[in-house]
Amino acid sequence: MRSIGTTDLSVFPISLGTNVFGWTADKETSFAILDAYVDGGGNFLDTADVYPYWATGESTSETIIGEWLASRRNRDSIVLATKVGMLEGLEGLAPATIRTAVEDSLRRLRTDYIDLYWAHVDDHDTPLVESLAAFDALIQEGKVRHVGASNYSAGRLAEALKISEAEGVARYVALQQPYNLVERGYEGELREVVAGEGLSSVPYFGLARGFLTGKYAPGVAVDSPRAGKAAEYLETVHGPRTVEALIELARERGAAPASVALAWLAAQPTVTAPIASARDLEQLRPLMEAAALTLGAEELAILDEASRP
Ligand SMILES: NC(=O)c1ccc[n+]([C@@H]2O[C@H](COP(=O)([O-])OP(=O)(O)OC[C@H]3O[C@@H](n4cnc5c(N)ncnc54)[C@H](OP(=O)(O)O)[C@@H]3O)[C@@H](O)[C@H]2O)c1
């Protein structure tokens, strides 16, 4: 288990992404995925009020998780993370928006507290201090335990942290941003802020939308709403080279390429727990195995080298 920043949140090293629930995984399959994740030692769920609104027009992921928590009666053993700021009609981080969104999420999740509440995107139209004060009020009321920032620039994250200190209001404890072997933009100013301020990185797109599982190849049709974007990596120089290295290392370790890709990410400085999603139990297995896979310095260096653009 690993800690989120300096908080008391102790999490499994792979967070389960749940934007597939109600989208590419129906309710029954979602329950099976959640059960298997918890049976394998997992405890860290990543959802959002907007998942998967684009497909269902509803916050189906939160609703499914809420039903599952109620039926399994295991709320206290789960570290539950959700987000505010991107749902149609509740965009941004104005205090009133945060207040409405949190009540809606709590109702759907059938709980009275959220462990980690993410600002899903930065909001340049609301002064940072106002959003942070709104989050602070939720923490004081016990509705939220900690807050994090998602999709923030290094400058804005640093500014938010400075304001929290100066004003004595809630402080972001983690950053959620895209990061994986073929998308390494995080390894610059953002990582410096996260490291310097003692935050945790909880990266998403850990599998580059499925590309790093090795299932994308020239001439191969993948049946997925992610296929268009994921297959774009085939057109890069470093994408195919990275997958080749992953497949070779996976063969040597008797693991799946997806496990190796996530183990690489989990081993990077500041990363506490990569997020990855699975649409069925077969896809979940390599995600769980990643948590127990430690790569050696030589293996990390091979992947490092192969994935440099
Ligand atoms: N903060 C943000 O703005 C933000 C944005 C995006 C996502 N997220 C979070 O991150 C999570 C993960 O994002 P993501 O699912 O888009 O990216 P991802 O984890 O990089 O890719 C996961 C996808 O890869 C495929 N896959 C996974 N395991 C596989 C396996 N073993 N074999 C073959 N294919 C496999 C599945 O898609 P197919 O079956 O469709 O191929 C799966 O849904 C989301 O659920 C969400 O919680 C956050």
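Preceding block: the structure.
Residues numbered from 1 in each chain as written. Predicted model: local features only at pLDDT ≥ 70, side-chain atom pairs only at ≥ 80, totals over all residues. Heavy atoms only, no water.

Pulling in residues and values, what's your account of the environment of E192?
Within the secondary structure, E192 is located in helix α7 (residues 189–196). Given the relative accessible area of 60%, E192 is considered exposed. For the pair E192 and D280, spaced 88 residues apart in sequence, the C-alpha to C-alpha distance is 36 Å. (Helix = DSSP H or I, 4+ residues; strand = E, 2+ residues; numbered from the N terminus. Buried < 20%, exposed > 50% of the residue type's maximum accessible area, 1.4 Å probe, protein only.)

Tell me about the sheet that holds strand β12 (residues 275–277), and name the residues and values.
Two orientations exist for strands paired in a sheet by backbone hydrogen bonds: parallel and antiparallel. The parallel open sheet is built from eight strands, whose spatial order is β11-β10-β9-β8-β5-β4-β3-β12. If you trace the sheet from one side to the other, it starts and ends with β11 (200–201) and β12, each paired once. (Pairing = 2+ DSSP bridges.)

Run through the nonpolar core, naming residues and quoting values.
Judged by nonpolar contacts, the single largest core of 102 residues is most densely connected at F44, Y117, F135, L157 and Y172. Looking at this core, the element that brings in the most residues is helix α10 (residues 257–266), giving seven residues. Those residues in contact with F135 that lie beyond four places of it in its chain are V84, L93, I98, Y117, A119, V147, A170 and Y172. (Core = buried A, V, L, I, M, F, W, Y, C linked by side-chain atoms within 4.5 Å. Contact = heavy atoms within 4.5 Å.)

Which residues make up the packing of aromatic side chains, and what are the values?
A full pass over the atoms with the stated rule returns 11 aromatic pairs. When the centroid spacing of 5.9 Å and the interplanar angle of 70 degrees are considered together, the rings of Y51 and W54 count as edge-to-face. Aromatic pair Y204 and F205: ring centres 4.8 Å apart, planes at 70 degrees, arrangement edge-to-face. A relative accessible area of 32% places F205 in the partly exposed class. Chaining the aromatic ring pairs together yields one cluster made of Y117, F135, Y152 and Y172. (Phe/Tyr/Trp six-rings, centres within 6.5 Å; stacked < 30°, edge-to-face > 60°.)

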